[in-house]
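Understanding the architecture of this molecule
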Amino acid sequence: MNIIKNRTGKPPNKGKSRFSKINAWLHLWLGLASGIIVFIMAITGCILVFEHEIKEFTSPWLNVEAQSPEHLLPPSQIYAAVQKVLPNKEIHGFWYNGLDKSVKVDIESDSLIYVNPYNGKITGMVDHEDFFHIIDEGHRNLWLERDIGAQITAWATFIFFFLLISGLLLWFPKKWNKTTINSSFKIKWEAKFKRLNYDLHNVMGFYVLILAVLISFTGLLMSFHWLRESTYWISGGWAEVKEQTVSVKKEPLSKAQLDKLTAVDFIWKKVRTEIAKENKEAVIIHFPDDPKEDFYACTDMYKGIWRDLYFDSKTLELLPKSEKYIGNERFSDWLMRSNYSLHIGAIGGLSTKIIYFIGSLICASLPITGFYIWWGRKKKQKSKA
């Protein structure tokens, strides 16, 4: 039986350590096993990067003529305006997007209602199952049942994260000289397709490494609760939880004050005037599903980062678990609430979104170029045999 040799005339993998051989074997077969899933997630991720920009350009009902903040209608009047048109729909919450944006009303249906925040007129009724919702379902669940699809994408992301590390070990030259530097950092565009494909996988994989690690790790934080809790603890979280052991007894509000519309108006005004730091007119408020649950609000939706706020349903006081988003915020808390922004590239505005778009395209190409490298070697081995 003849031994197949490489270009140097030596048997393949000769002189490599056992660790290197195992790493190369895992990189190959795990890459082949997860390739199609990684490709789908990367391509859908490219599309979702500019979701809001595309929607604003193609959806005129999202924008209104900006006026003074004093002219904004409170949630109770928006509620009344929607109920007048859709009396049989239950309203769950409101999303104020800014002075020049319509208010998005969350209703009990598959549609989204947009309302002019200055006159209460409905500007648009849009099916929730739009193009981007379909793309998002593919990105998160591969268009499968959530319990099944979410597990597949989570573990595919985990494998991709491992492949990035193993790929770096495979890329790292044994010796640093002019030849290895050129082959590791430069693409030979004039070379034949086989060599060009190898460079696109090897070199472009290196250049996108840091960004790909960031995207995959932030995705893992959203997929695995244990990883999120561990990262929060390692980055300095949980230390303040023990400090919040003393609770202050509040006097309950009167029945009139506990009317849900009055409560929501009170919270909306308090968030805008006392809590919001940057985009004061961007506020989300949700009604509790159960009267005993807390009111939820959200503010400072700026570059994909926001702050979660919780108000006691009896006193409308801001609960202690919200304080970490208001005062001197720990790095661990900032990291957790910025995770989504770091994942989609909104952390730096349009410039980082463009970088993420290009990086996601490169990530989508890696399974394709990697598969062709394996296929080319397999064909070559068969022809020599």
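Residues numbered from 1 in each chain as written. Predicted model: local features only at pLDDT ≥ 70, side-chain atom pairs only at ≥ 80, totals over all residues. Heavy atoms only, no water.

So, on to the overall build of the protein chain. Looking only at helices and strands, the protein chain has 13 helices and 7 strands in total. Looking at the protein chain residue by residue over its 385 residues, the buried ones come to 42%. Across the protein chain, the fraction of contacts at a sequence separation of at least 24, relative to all contacts at a separation of at least 6, is 57%. For the protein chain, the exposed surface amounts to about 23,100 Å²; the carbon and sulfur share of it is 61%. (Helix = DSSP H or I, 4+ residues; strand = E, 2+ residues; numbered from the N terminus. Buried < 20%, exposed > 50% of the residue type's maximum accessible area, 1.4 Å probe, protein only. Contact = heavy atoms within 4.5 Å. Areas by Shrake-Rupley, 256 points an atom, 1.4 Å probe, with all protein chains shown as cover.)

Attention now goes to the packing of aromatic side chains. According to the stated counting rule, one finds 25 aromatic pairs in the structure shown. Relative to F287, the ring of F94 has its centre 5.8 Å away and its plane inclined at 85°; by these criteria the two rings are edge-to-face. Note that F94 is positioned in strand 1 (residues 91–96) and F287 in the loop between strand 5 (283–286) and strand 6 (295–302), a separation of 193 residues in sequence. With relative accessibility at 9%, the residue F287 sits in the buried group. (Phe/Tyr/Trp six-rings, centres within 6.5 Å; stacked < 30°, edge-to-face > 60°.)

Attention now goes to the pairing of strand 4 (residues 122–127). Here strand 3 (residues 111–115) pairs with strand 4 via 5 bridges, running antiparallel. Its bridge partner being in strand 4, I113 is matched across the sheet by M125. As consecutive antiparallel partners, strand 3 and strand 4 are separated by 6 residues, and within that stretch G120 has a phi angle of approximately 80°, a positive value. (Pairing = 2+ DSSP bridges.)

Moving on, we come to a negative patch on the surface. A surface patch of negative charge is lined by E90, E108, D289, D290 and E293. Along the polypeptide, E293 turns up in the loop between strand 5 and strand 6. Residue classification places E293 among the partly exposed residues on the basis of a relative accessible area of 40%. (Patch = residues over 30% accessible without salt bridge, like charges linked within 9 Å, V, L, I, M, F, W, Y side chains within 5 Å. Salt bridge = Lys/Arg side-chain N within 4 Å of Asp/Glu carboxyl O. Lys, Arg positive; Asp, Glu negative; His and termini not counted. Charge placed at Lys NZ, Arg CZ, Asp CG, Glu CD.)

A separate point is a positive patch on the surface. A surface patch of positive charge is lined by K16, K174, K194, R377 and K380. As for its placement among the helices and strands, K16 is situated in the segment before helix 1 (18–49).

This brings us to a nonpolar patch on the surface. A grouping of L144, I148 and I152 is seen on the molecular surface, where their side chains present a nonpolar patch of about 240 Å² in accessible area. Inspection of the secondary structure puts L144 in the loop between helix 4 (131–141) and helix 5 (146–171). For L144, a relative accessible area of 42% corresponds to the partly exposed category.

What follows is about the packing of helix 4 against helix 5. Direction vectors running N to C along helix 4 and helix 5 enclose 65°, while the axes themselves pass 7 Å from each other. The segment helix 4 lies against helix 5, with E137, H139, R140 and N141 engaging R146, G149, A150 and T153. Looking at side-chain class alone, the contact of helix 4 with helix 5 contains 1 nonpolar, 4 polar and 3 charged residues. (Axes fitted to C-alpha atoms, helices over the stretch in contact; angles between N-to-C directions. Nonpolar A, V, L, I, M, F, W, Y, C, P; charged D, E, K, R; others polar.)

Attention shifts here to the UniProt feature "transmembrane region" (unreviewed entry) in the protein chain. The sites that carry the UniProt feature "transmembrane region" (unreviewed entry) are, in the present numbering, residues 24–50, 152–172, 204–227 and 354–375. Between the end C-alpha atoms of residues 204–227 there is a gap of 28 Å, over a span that is 92% helix and 0% strand. Measuring from the first to the last C-alpha atom of residues 354–375 gives 32 Å, for a span that is 100% helix and 0% strand. (UniProt positions renumbered as here; feature names shortened; annotations may be inferred.)

Let us now look at the nonpolar core. Judged by nonpolar contacts, the single largest core of 32 residues is most densely connected at F94, V105 and F311. Elements represented by at least two residues in this core include exactly helix 3 (75–85), strand 1, strand 2 (103–107), strand 3, helix 10 (260–275), strand 5, strand 6 and strand 7 (305–311). The biggest single contributor to this core is helix 10, with 7 residues. Setting aside residues up to four positions removed in sequence, F311 forms contacts with I267, K270, V271, I275, D294, F295, A297, L316, E317, L318 and L319. With 11 residues, the next largest nonpolar core counts V38, V208, A212 and C363 among its residues. (Core = buried A, V, L, I, M, F, W, Y, C linked by side-chain atoms within 4.5 Å.)

A word on helix 8 (residues 209–223). What sets the pattern is the α-helix's 3.6 residues per turn: residues three or four places apart point alike. In a regular helix each residue adds 1.5 Å, so 15 residues correspond to 21 Å; helix 8 covers 21 Å between its end C-alpha atoms and thus fits that length. Taken together, the buried positions of helix 8 are L209, L211, A212, I215, S216, T218, G219, L220 and L221. (Expected span 1.5 Å × (residues − 1).)

The next thing to look at is the sheet that holds strand 3. If you trace the 7 strands from one edge of the open sheet to the other, you get 4-3-2-1-5-6-7, paired in antiparallel fashion. The outermost strands of the open sheet, each flanked by one partner alone, are strand 4 and strand 7. Ignoring which end each strand starts from, the neighbouring axes of this sheet average 20° apart. Direction of pairing for strand 1 relative to strand 2: antiparallel, over a ladder of 4 bridges. Bridge assignment links G93 to a residue of strand 2, and that residue is D106. Against the sheet, helix 3 engages strand 1, strand 2, strand 3, strand 4 and strand 5, with an angle of about 125° to strand 1.

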